[in-house]
Amino acid sequence: MNMVQDFMPEMDLAETDLGLVWRNSFAQLGTDFYTALAPRPLNAPYWVGRSDAVAHELGLQPSWFESRDVLEAFSGNRAIAGTQPLASVYSGHQFGVWAGQLGDGRAHLLGETASGYEVQLKGSGLTPYSRMGDGRAVLRSSIREFLCSEAMHGLGIPTSRALCVIGSDEPVRREEIETAAVVTRAAPSFIRFGHFEHFSALEQTAQLKTLADYVVDRFYPACRESGKFAGNPYAALLELVSERTARLIAQWQAVGFCHGVMNTDNMSILGLTIDYGPFQFLDAFDPGHICNHSDHQGRYAYNKQPNIAYWNLYCLGRALLPLIGEQELALAALESYKTVFPAELGARMRAKLGLLDEQPADLALIESVFQLLASGRADYTIFWRRLSHWVAGQANADAPRNDDPVRDLFLDRAAVDTWLLQYLERLANTGYGIASGLMLKTNPKFVLRNHLGEQAIRLAKLKDFSGVHTLQRLLEAPFDEHPGFDSYADFPPDWASTIEISCSS
Ligand code: AMP
Ligand code: MG
């Protein structure tokens, strides 16, 4: 009698190493989906950043990081028993143009831990999908990905997580010589729209179906039950992915996040924010802001993101068409984006305004605050945080009313005064105390502004990682006041506008 099987009939017999039990369900899809290969070793690795919170998600204690074996394993220098490292193949549309085959050109999926998270190394060396690349990632972009993953999680926005960043003095050539780093990422799945586009473009319908069934069975089992699409689970999948994507983009817009490279290969089938590259949190509110210096046409400007997400979903729909069968069903599934996105954005904006209920005039109020912010180029994060404190101040009838912190953000004082009056009227039946309570949990004090990341990176290049650690701590709890750290919540310095973040990473 096998005791383990008797007690845990559902569990595969997987090996344990470094305190982690691994499964490799993606690997079981078959070799059409990936190339099995080990990460490349990284010379003389050192810790740059580690997340105790992500370690905890994986079922590990913070002390786990103290092991030299862990450092060696997650830099690619030591095999981890039970893992089956692989690079997956996908294709995609880049900047609106079909790019053909792409794939994990510098990432290795190690497998999936018992916690349900897949674990992936990024920057871990050449793969068959590296094309012209060197398989590496630089310290600069790795720190940005690490910090932003955890910042987004802190903001409550769906995202891949980052367990750690490991650096090395190994030189890497970009515009100038930089050094290499490896980020360990974790997500329930790293499957992208581009994985589906790949098999669809090759007319490999059997593989397309294998992939879709895998995603449905693991992540969207309700698709098999839904009556809406007459038992068509693939149309139901497209609808659920459209809804999740709509909710994700609404959160991006509400917090002022620009992704920068919304190519279809960077779109998660689970509606997560993935592949942090030239992203930016808005400083001054400019609806047409382009954060990626490689994006000359502004395809991925802040205010284009909602439409681009729909365009990407349309590509996914086209890719799934051989499974869905009828074009009408695919189009009907995509329709959900058009209702969920505005509804979700409205809900997010009402929360930013501290409104607990929904009234018809709210749309105009939201529209007018965006206009006010745009014409005044007011700092987006500071405006919302100051507004939250201003509403909290209204709750205290004894204190003299002071509009200055909000008014001072605008040159056109008359415009802001008019808007504040309208807003106060609307707030009256919510109650200022309740409204400001909601606002202070919705409007963050701290976001990963470019200049903050840049300062931490400059220090890290000198092997001082204190800037990374401080930012990580603030961004993990971005709604807390963190006394003594107000400078991290201040306006960007003038030099921030000269920072150029491109696809180079
Ligand atoms: P990204 O825009 O970073 O999402 O990358 C687009 C594609 O280029 C993906 O297939 C990446 O794996 C690949 N890629 C990006 N940088 C590199 C690199 N340095 N080496 C190999 N492949 C890369
Ligand atoms: Mg990518």
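Residues numbered from 1 in each chain as written. Chains lettered and ligands numbered in written order. Predicted model: local features only at pLDDT ≥ 70, side-chain atom pairs only at ≥ 80, totals over all residues. Heavy atoms only, no water.

> Please explain the pairing of strand 8 (residues 107-113) as it appears in this structure.
The two faces of a sheet get side chains in turn, since along a regular strand they alternate between them. Most of strand 8 is tucked away, with seven of its seven residues classed as buried. Of the pairings in the sheet, the one linking strand 8 to strand 9 (residues 118-122) comprises five bridges and is antiparallel in character. Paired with Glu-112 across the strands is Glu-118, a residue of strand 9. (Buried < 20%, exposed > 50% of the residue type's maximum accessible area, 1.4 Å probe, protein only. Helix = DSSP H or I, 4+ residues; strand = E, 2+ residues; numbered from the N terminus. Pairing = 2+ DSSP bridges.)

> Please explain the domain arrangement of the protein chain as it appears in this structure.
A common way to report how large an interface is uses the accessible area buried once the components associate. Domains assigned within the protein chain are domain 1 (3-190), domain 2 (194-352) and domain 3 (362-440). The distance between the C-alpha centroids of domain 1 and domain 3 comes to 43 Å. (Domains from an automatic or database assignment.)

> Looking at this structure, how should I read the coordination of the magnesium ion (ligand 2)?
Working reference: metal with six octahedral donors, ideal angles 90 or 180 degrees; metal with four tetrahedral donors, ideal angle 109.5 degrees. Only Asn-266 (OD1) and Asp-275 (OD) from the protein reach the magnesium ion (ligand 2) as donors, at distances of 2.0 to 2.1 Å. The two residues Asn-266 and Asp-275 agree in class, both being buried. (Donors = N, O, S within 2.8 Å, 3.2 Å for Na, K, Ca; no water.)

> Hey, could you run me through the confidence of the model for the protein chain in this one?
Close inspection of predicted coordinates is inappropriate in any region flagged by low pLDDT. Considering every residue of the protein chain, the mean pLDDT works out to 95; 97% of them sit at 70 or more. Model confidence for the protein chain, summarised as mean pLDDT per element, is weakest for helix 1 (residues 3-7) at 40 and strongest for helix 5 (residues 193-201) at 99. When the criterion is pLDDT under 50, residues 1-11 qualifies, and its contacts beyond four places in sequence or with other chains add up to six contacts. (pLDDT = per-residue confidence, 0-100. Contact = heavy atoms within 4.5 Å.)

> Got a minute to help me understand the layout of surface pockets in this structure?
Where empty space is left can be seen by rolling a probe of water-molecule size over the atoms. Considering only enclosed or pocket space, the largest pocket measures out at about 840 Å³ in volume. Gln-94, Arg-106, Arg-131, Cys-503 and Ser-505 are the residues nearest the centre of the largest pocket, which is lined by 37 residues in total. Secondary structure elements with two or more residues in the lining of the largest pocket: helix 4 (139-155) and strand 12 (177-187). Residue composition of the lining of the largest pocket, grouped by class: eleven nonpolar, 14 polar and twelve charged. Mapped onto the domain boundaries, the lining of the largest pocket takes at least three residues apiece from domain 1 (3-190) and domain 2 (194-352). (1 Å grid on protein atoms, 1.4 Å probe; cavity = no way out; pocket = protein on both sides within 12 Å on 5 of 7 lines; lining within 4 Å. Points joined across faces, edges and corners; volume = space filled by probe spheres on them. Nonpolar A, V, L, I, M, F, W, Y, C, P; charged D, E, K, R; others polar.)

> What should I look at first to understand the nonpolar core in this one?
Among the nonpolar cores identified, the biggest contains 128 residues, and Phe-196, Phe-383, Leu-387, Trp-419 and Tyr-423 are the most heavily contacted of them. When residues of this core are assigned to their parent elements, the largest contribution, 13 residues, is made by helix 7 (residues 233-255). Residues in contact with Phe-383, not counting those within four places in the same chain, are Val-369, Leu-373, Val-406, Leu-409, Phe-410 and Trp-419. (Core = buried A, V, L, I, M, F, W, Y, C linked by side-chain atoms within 4.5 Å.)

> Just checking my understanding: could you explain the packing of helix 4 against helix 15 (residues 450-461) for this structure?
Two quantities define a packed helix pair, namely the angle between the helix axes and the distance between the axes. Two numbers describe how helix 4 lies on helix 15: the axes approach to 10 Å, and their chain directions differ by 130°. As judged from the angle between their axes, helix 4 and helix 15 are oblique. Regarding helix 4 and helix 15, the two cross each other, and that crossing is right-handed. Taken together, the residues of helix 15 that come into contact with helix 4 (itself represented by Leu-139, Arg-140, Ile-143 and Arg-144) are Asn-450, Ile-457, Ala-460 and Lys-461. Partitioned by chemical class, the residues of the contact of helix 4 with helix 15 number four nonpolar, one polar and three charged. (Axes fitted to C-alpha atoms, helices over the stretch in contact; angles between N-to-C directions. Parallel < 35°, antiparallel > 145°, perpendicular 65-115°, else oblique. Left-handed = near helix turned anticlockwise from the far one by under 90°.)

> Please clarify how helix 15 should be interpreted in this entry.
Structurally, the α-helix is built with 3.6 residues per turn, so residues lying three or four positions apart point the same way. End to end, helix 15 covers 16 Å across twelve residues, agreeing with the expected 16 Å (1.5 Å per residue, within 8%). For helix 15, every residue scored as buried is listed here: Asn-450, His-451, Leu-452, Gly-453, Glu-454, Ala-456, Ile-457 and Ala-460. At the C-terminal side of helix 15, Lys-463 shows a positive phi close to 70°. (Expected span 1.5 Å × (residues − 1).)

> Help me understand the pattern of salt bridges, please; the structure alone is not making it clear to me.
Two side chains bearing opposite charge may form a pair once their charged atoms approach each other closely. Here the structure, examined in full by the defined rule, presents 33 salt bridges. When the shortest N-O distance is used, the salt bridge between Arg-218 and Glu-112 registers 2.9 Å. With Arg-218 in helix 6 (residues 205-219) and Glu-112 in strand 8, this residue pair connects regions lying 106 residues apart in the sequence. Residue class for Arg-218 comes out partly exposed when judged on its relative accessible area of 32%. Residue class for Glu-112 comes out buried when judged on its relative accessible area of 7%. The partner of Arg-401 in a salt bridge is Asp-403, and the shortest N-O contact between them spans 2.9 Å. Looking at Arg-401, the relative accessible area reads 46%, which means it is partly exposed. By relative accessible area, Asp-403 is classed as buried at 14%. In this structure, a network of salt bridges that share partners links the residues Lys-122, Glu-145, Arg-185, Arg-192 and Asp-275. (Salt bridge = Lys/Arg side-chain N within 4 Å of Asp/Glu carboxyl O.)

> I tried to follow helix 9 (residues 327-352) on my own but got confused; where do I start?
Helix length check: helix 9, at 26 residues, gives a terminal C-alpha distance of 38 Å against a target of 38 Å (1.5 Å per residue), a fit within 8%. A positive phi of about 80° marks Gly-354, the residue just after helix 9.

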